[in-house]
Amino acid sequence: MRNLFIFFILFLLSACGKRIVDNTPLESNWLLPLVKGNISLNDLSRLEGTTFDYVITPAQINQPTNTPVSSPAFTVDFIGPFTVPTQDIIKYLKVDSIELGIHLKNIFPVNIQSGFTVTLRSSDNTASSSNVLFSKTFSNAIAAQSQDSLPLSIHNVTIADSLYFYIENLNIDAFNQVVFNENVPVQFTIDKVRLNELAFFPNKNFSISDTVEFSSGDLSSIYDAGGNTLADSAVSGFLNLFTDNGLPVNLRMQMTFLKNNLPVDSVFENSFILNGAGVDAAGIPNSIDAKKNSVAIRKVKLKNIESCDRMIYSFSINTDGYTSPQVIMGKQNKLALQIVSDIALMLNPFQL
Amino acid sequence: MKYCLSILSVLGVLLTHAQINVSGLHNSESDLENSFYNASMIGQEYRTMKISLLPLYFHIGNNFTSAADIYDYYRDLDKGLDANSMSSINRIMKGLKNKNQIYAGLDLTLVNIGFNLKVKKKKFLELNFAAREHLQAGMVFNKELLYLMYKGNAYYEDQTIDILPKVNVLQCGDFSVAAAKEFSLKLPFLKNLLSVKPGIRLRYLVGTANLNMQNSSLSIYTAPEGRYIEATLNGDVKACGFDPDQYKSVDGALFKGNGQGFGVDLGVTVKMLDKLEVGLALFDNGSITFKDNAYQITSNETVRWEGYDFNQPIDTLFEQSDLLELDSAKTSYAVPIGSKLMLSGRYGLGKEKKIGKSQSYYAHTISFLYIQGFRNYLNTTTSPLVSLGYSYQYRHAFNFGINAGVGGLTRSFLGAHMHLGLGPVKFGFATNSLGAIVNRYASKGMDLQIYTALSF
């Protein structure tokens, strides 16, 4: 009996342990894929909607300005060239199809008869027929002070580093005592584009940079999430950028934030640099460059960005380091991109 | 997220203990009620007949947190304390097991009559008829569920975890008949005769409602560096009896229900020495087959998330309505009621005292229990339970005892029972929940048995 009593006393005492107080914050780490996608030659379809604006001056149809003139009907052999801007990094591009819209507003006080031709040439020589990439004759007549849109479909052409449009065999009706005092606007719109191949010269560079207005909004909900009490300099996470670059070009990107026109912070510590894919002797990609870039998310960075009002973005592609005569980007080559957040939060479950 | 935890907590804070009435098993004056665990226990504490009057046993518990911690959690929640007050949630997290179980149940006895058949004024056969109603609800979830919510998926990088709580519900009627017969056995290596009393209980089970998610899983895989997250739902939910329309007509529902089944409980009690009585029982063996109003909902879907695909239009981001496809079909299925093994022992201290000509008792008794389940399902757990108790008895008028144990669902517990007899009228209660009085942070459940009976 006595032993039994002792057993129960010991059992009760063993249960009387003091409650352990452990206020260690719960650290929560989340790996979340945010964005993914591929950039390839087909993404040049993003050029759709791009416009090129030109004008036809009275002089190009051999008429003076601001002077009443009369003339019988006549034909202008060609008007142009309307030069399409290209980049010197591009050696050639093989077009599967391009659909263009030509928007012409005939402000001239004369009628344009049907039968004019739009010609795309690889050089600015109208005497040659060997440089004609494409031509189409339109049956549209465009009366004075009217406008028309002319569709143009181009298939299976190879465009080198120069491209010129011409309007040829423009037939003008007779006119009597009219005054030419305005230019005729001509707008080329890329409605649809499909490319088969794009070749670049080695060791060339193409850059885009611009400054735009910027407002991040209130970022405190991010850097104070879950009662985050981290110091400003502490790293609360990373944005990991995973890339598999199968495109034979090097890429560089940076976004710099300005406050009162002075740089305050940038997205990347240094520029985001992607090396191009490896190529064979003919310039055809034969290996993929896989890379991981990490952007540390610091509270101080978010605060800096929050205070900025302008942003400079810069993007460039180059073919530095390639030794082949050209590097060729086919339809099958792509840049696979994925952004994964690796965020550490000090959780306060009472606020979840 | 707090609501997920709250649901788990509410189930736990309702305070109940183990899935077995351990304290009641230490009470030799409630052996007719105990015979549902060991069929050979019938016929012991009454001379001719005992009629139980609506005894019930209510029990609820869990195996990972205490009611006090849940109270502290809600107290902290109300106070709106900051991240410096993490103690309650830290204790809950540290208490998580690989398999976490929450269980609640009610065993209501409608009829329980035991009587001893006598031949020439000697006990010939002990019989029992009983009708009971069981309502059991349980949930098993892996610790990864709460760890994922509070620690994030980086903790499980390159691992597959199952975070689906498996909810199981069973409501059934239980109509049984039991018989036991004591006889003597002479063994060559023993000087005294061995008193052996085997018992058997045959049960007709009427299933009313059931929900079974035992075979369902929701697997989450986080690829290295978080390159993708893959969720696989292997749904296999069987449900029956949750359509309220079917209860508008009760014709024959008592004995028909939505499913029927059979069970058998086996037990034997052996008096090895004058003062030592040992019992062995295998109980809750059986199953119920649900046929009417039974449905099986299945799904086998895998979804992989690699981030928003910027090559797709933004408005496709939320066009995911066809991701989860559930197939539902009428079915027929069987569910077990949860087999358990029990080894028990009682050792009388002092001299045996007589009550009349045919009954005797010990004033002081030490008792022992070992219970082992074979699966984590409803009132069954694979965690073995061991309990040691002491009882003091005076005739059939008074029996009081305390016991302590470890294992089972709630890991450790302290219990007590009391029995009062006033002539033929008997009253008693038992609980395993006294641990909370000693240390409220150690108590993970509560239970209560109450019985009244007429004994002749």
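Conventions we followed
Residues numbered from 1 in each chain as written. Chains lettered and ligands numbered in written order. Predicted model: local features only at pLDDT ≥ 70, side-chain atom pairs only at ≥ 80, totals over all residues. Heavy atoms only, no water. Helix = DSSP H or I, 4+ residues; strand = E, 2+ residues; numbered from the N terminus. Buried < 20%, exposed > 50% of the residue type's maximum accessible area, 1.4 Å probe, protein only. Contact = heavy atoms within 4.5 Å. Areas by Shrake-Rupley, 256 points an atom, 1.4 Å probe, with all protein chains shown as cover. pLDDT = per-residue confidence, 0-100. Salt bridge = Lys/Arg side-chain N within 4 Å of Asp/Glu carboxyl O. Axes fitted to C-alpha atoms, helices over the stretch in contact; angles between N-to-C directions. Left-handed = near helix turned anticlockwise from the far one by under 90°. Nonpolar A, V, L, I, M, F, W, Y, C, P; charged D, E, K, R; others polar. Polar contact = N/O pair within 3.5 Å; in protein donor to acceptor, adjacent residues only side chain to side chain. Core = buried A, V, L, I, M, F, W, Y, C linked by side-chain atoms within 4.5 Å. Domains from an automatic or database assignment. Pairing = 2+ DSSP bridges. Phe/Tyr/Trp six-rings, centres within 6.5 Å; stacked < 30°, edge-to-face > 60°. Lys NZ or Arg CZ within 6 Å of the ring centre and 35° of its normal. Patch = residues over 30% accessible without salt bridge, like charges linked within 9 Å, V, L, I, M, F, W, Y side chains within 5 Å.

Quick look at the overall build of chain B now. Within chain B, the regular secondary structure consists of eight helices and 23 strands. Out of the 456 residues in chain B, the part that is buried amounts to 52%. Counting only contacts in chain B whose residues sit at least 6 apart along the sequence, the fraction spanning at least 24 positions is 72%. By element, 63% of the accessible surface of chain B is carried by carbon and sulfur atoms, the whole surface being about 20100 Å².

Across its full length, chain A carries three helices and 22 strands. Counting only contacts in chain A whose residues sit at least 6 apart along the sequence, the fraction spanning at least 24 positions is 87%. Surface accessibility of chain A: about 17600 Å² in total, with carbon and sulfur atoms responsible for 53%.

Turning our eyes to something else, we now look at the confidence of the model for chain B. The pLDDT averaged across chain B works out to 86; a share of 89% of its residues lies at or above 70. Segment residues 1-18 of chain B: pLDDT under 50, and 55 contacts once partners within four positions in sequence are set aside and those in other chains are kept.

Let us look at the pattern of salt bridges. All names here are of chain B. Evaluation of the coordinates by the stated rule reveals 22 salt bridges over all chains. Note that Asp174 and Arg132 form a salt bridge whose closest N and O atoms lie 3.2 Å from each other. Residue Asp174 is found in strand β6 (residues 166-180), and its partner Arg132 is found in strand β4 (residues 122-142); the two are separated by 42 residues along the sequence. Look at Arg132 and you get buried, because its relative accessible area is 8%. Judged by its relative accessible area of 0%, Asp174 falls in the buried class. Linked through salt bridges whose partners overlap, the residues forming this network are Arg132, Asp174, Arg203, Asp265, Asp284 and Lys340.

Turning our attention to the packing of helix α4 (residues 67-79) of chain B against helix α5 (residues 87-95) of chain B. Residues and elements named next belong to chain B. The interhelical angle for the contact between α4 and α5, taken along N-to-C directions, is 145°, at an axis separation of 8 Å. Both α4 and α5 take part in a crossing whose hand is left-handed. For the pair formed by α4 and α5, the contact residues are Asp69, Asp72, Tyr73 and Asp76 on the first element and Ser88, Ile89, Arg91 and Ile92 on the second. Classifying every residue of the contact of α4 with α5 by side-chain character gives three nonpolar, one polar and four charged.

Before going further, it helps to examine the side chain of B:Asn128. Residues and elements named next belong to chain B. One can find Asn128 in strand β4. Using a relative accessible area of 0% as the deciding quantity, one classes Asn128 as buried. There is a polar contact of 2.9 Å between the side chain of Asn128 and the backbone oxygen of Ile113. Not counting the four nearest positions on each side in its chain, Asn128 is found in contact with Leu32, Ser35, Ile42, Asn112, Ile113, Gly114, Ser176, Val177, Ala178 and Arg201.

Moving on, we get to the nonpolar core. In this structure, A:Phe116, A:Phe165, A:Leu170 and A:Phe200 are the most contacted members of the largest nonpolar core, which totals 61 residues. Per element, the largest residue contribution to this core is eight residues, and it comes from strand β11 (residues 184-200) of chain A. Here this core gathers at least three residues from each of two domains, domain 1 (44-200) and domain 2 (202-351) of chain A. Residues in contact with A:Phe116, not counting those within four places in the same chain, are A:Lys136, A:Thr137, A:Phe138, A:Asn140, A:Ile142, A:Leu150, A:Ile167, A:Glu168, A:Asn169 and A:Leu170. Membership of the second largest hydrophobic core comes to 22 residues, among which are B:Met86, B:Ile92, B:Ile102 and B:Ile163.

All names here are of chain B. Two elements, strand β10 (residues 229-240) and strand β13 (residues 294-305), share twelve bridges in a ladder whose sense is antiparallel. Bridge assignment links Val237 to a residue of β13, and that residue is Ile297. Two elements, β13 and strand β15 (residues 327-330), share four bridges in a ladder whose sense is antiparallel. Looking at β15, one finds that Ile297 is bridged to Ser328.

Counting buried residues along α5(B), seven of its nine residues qualify, which places the element largely inside the surrounding structure. The complete set of buried residues in α5(B) reads B:Ser87, B:Ser88, B:Ile89, B:Asn90, B:Ile92, B:Met93 and B:Gly95.

A few words on the environment of A:Ala141. All names here are of chain A. Inspection of the secondary structure puts Ala141 in the loop between β7 (132-137) and β8 (146-159). For Ala141 and Phe116, which are 25 residues apart along the polypeptide, the C-alpha to C-alpha distance reads 8.8 Å. Once you skip the residues sitting within four places of it in the chain, Ala141 turns out to touch Ile112, Gln113 and Ser114.

A few words now on the packing of aromatic side chains. Taken as a whole and judged by the stated rule, the model has 21 aromatic pairs over all chains. Relative to A:Phe180, the ring of A:Phe108 has its centre 5.3 Å away and its plane inclined at 75°; by these criteria the two rings are edge-to-face. Remark: A:Phe180 occurs in the loop between β10 (175-179) and β11 and A:Phe108 occurs in the loop between β5 (90-106) and β6 (117-121); sequence separation between them is 72 residues. Accessibility classification places A:Phe108 together with A:Phe180 in one group, the buried group. Judged by centre distance (5.4 Å) and plane angle (85°), the ring pair of B:Phe64 and B:Phe141 falls under edge-to-face. Placement of B:Phe64 in the loop between β2 (56-62) and α4 and of B:Phe141 in strand β4 is noted, with a sequence separation of 77 residues between them. Relative accessible area serves as the criterion here: at 5%, B:Phe64 is assigned to the buried category. Over the ring of A:Tyr166 we find A:Arg121; its NZ or CZ atom is 5.8 Å from the centre of that ring.

This part is about a nonpolar patch on the surface. Residue and element names in this part refer to chain B. Among the surface-exposed residues, Leu56, Phe58, Leu106, Leu135, Leu420, Phe427, Phe429, Leu448 and Ile450 lie close enough to one another that they form a single nonpolar patch of about 660 Å² accessible area. At the level of elements, β2, β22 (425-431) and β23 (445-455) are the ones that each hand at least two residues to the nonpolar patch. Following the sequence through the fold, Phe58 ends up in strand β2. What makes Phe58 partly exposed here is its relative accessible area of 32%.

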